[in-house]
Amino acid sequence: MPAVSPAEVSARRAVPAHIARPEYVDQPAPQRFTGEEVKDAETIERMRVAGRLAAQARDLVGSHVVPGVTTDELDRIGHEFLLDHGAYPSTLGYRGFPKSLCSSVNEVICHGIPDARVVEDGDIVNIDITAFIGGVHGDTNATFLAGDVDEESRLLVERTKEALDRAIKAVKPGRRVNVIGRVIEAYAKRFGYGVVRDFTGHGIGTSFHSGLIIPHYDDERFDDEIRVGMTFTIEPMLNLGTPDYDMWDDGWTVVTKDRRRSAQFEHTLLVTEDGAEVLTHP
């Protein structure tokens with residue numbers, strides 16, 4: 001299958017004035033996060049709403065990942081769903097990102113910009129969508145199969161989801177965040193997959209990305225203690241080949257250096273007394 005290449009990006013979609021926007025929209029960068037990684041009960045309740053909505057948007061858009069659809073049309077579907085439910089699409093206007101979700105096809109690791117490219121039979125398409133509502137963000141993504149996908153790619157997608165599920169099970173208060181990457185990397189190594197290092201999970205809440213970093217590989221430097229009430233994302237990116245990448249001239253689209261395929265799954269989690277609650281289930 002030929003490499004994915006840039007296509008025409010349509011004009012930015014409008015958002016009605018009554019929908020609250022994050023502070024960073026159309027600013028060069030977000031304000032520096034100075035809050036607490038452990039959230040209070042009221043914030044957590046709002047995050048449940050945002051997470052559920054993001055999950056519903058993810059699954060709705062994913063149901064439209066079929067041969068013949070454009071990634072721009074997928075963006076329209078996600079954009080309109082969030083607006084209809086009173087939410088702002090967090091990526092729209094974030095550091096200049098022009099669309100309401102990221103659509104990453106085949107060898108695109110992450111941050112693909114929806115455009116006029118038509119999804120082809122056999123493609124794998126990651127949909128990464130975030131809802132901002134009630135002053136908080138819910139962030140999630142999943143990789144969907146378009147038509148008849150080859151076995152190697154299908155297994156990559158299946159195992160990337162399994163890596164996320166295993167990582168979620170490893171979340172326990174008192175552990176260090178590097179246990180998450182240890183679990184993901186150990187599982188991925190069984191199959192010879194490349195584990196992307198430079199793009200990570202992150203703290204989330206009133207801020208789209210707080211200072212907390214959740215790596216998907218084993219690194220003792222990341223030793224923040226996992227505490228009850230913390231909210232963060234885990235979003236492993238696994239590649240059939242090398243973990244190394246190139247970036248397109250758009251400053252966003254990240255593709256595998258060897259142009260082999262990449263898959264990703266993401267949930268926003270709340271740390272509980274005995275593990276983690278997934279906030280991004282529909």
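Since we're looking at a predicted model, the values are computed, not measured.

Analysis parameters
Residues numbered from 1 in each chain as written. Predicted model: local features only at pLDDT ≥ 70, side-chain atom pairs only at ≥ 80, totals over all residues. Heavy atoms only, no water. Pairing = 2+ DSSP bridges. Helix = DSSP H or I, 4+ residues; strand = E, 2+ residues; numbered from the N terminus. Disulfide = S-S within 2.5 Å. UniProt positions renumbered as here; feature names shortened; annotations may be inferred. Buried < 20%, exposed > 50% of the residue type's maximum accessible area, 1.4 Å probe, protein only. Contact = heavy atoms within 4.5 Å.

Considerations on the sheet that holds strand β10 (residues 237-239)
Alright, step 1. Overall, antiparallel pairing links the three strands, which are arranged β6-β10-β13 in an open sheet. Edge strands, defined here as strands with exactly one partner in the open sheet, are β6 (194-195) and β13 (262-264).
Alright, step 2. Of the strand pairs in this sheet, β6 and β10 are connected by two bridges, and their pairing is antiparallel. Of the residues in β10, the one forming a bridge with V195 is L238.

Thoughts on the state of the cysteines
Linking two cysteines covalently via their sulfur atoms produces the bond known as a disulfide.
Alright, step 1. Following the criterion strictly, the structure yields zero disulfides and no others.
Alright, step 2. Here C102 stays unpaired: no disulfide links it, and the sulfur of C110, its closest cysteine neighbor, is 7.8 Å away.

Focus on the UniProt feature "binding site: a divalent metal cation 1" (unreviewed entry) in the chain
Alright, step 1. Residues annotated in UniProt with the feature "binding site: a divalent metal cation 1" (unreviewed entry) correspond here to D128, D139 and E266. Look at the named residues: they lie 139 residues apart in sequence, but the longest C-alpha span between them is just 8.1 Å, so in the fold they bunch up.
Alright, step 2. For D128, the position within the fold is in strand β4 (residues 124-133).
Alright, step 3. The class for D128 is buried, based on a relative accessible area of 11%.
Alright, step 4. Residues within four places of D128 in sequence aside, it is in contact with L101, C102, D139, T140, N141 and E266.
Alright, step 5. As for its position among the elements, E266 is in the loop between β13 and β14 (267-272).

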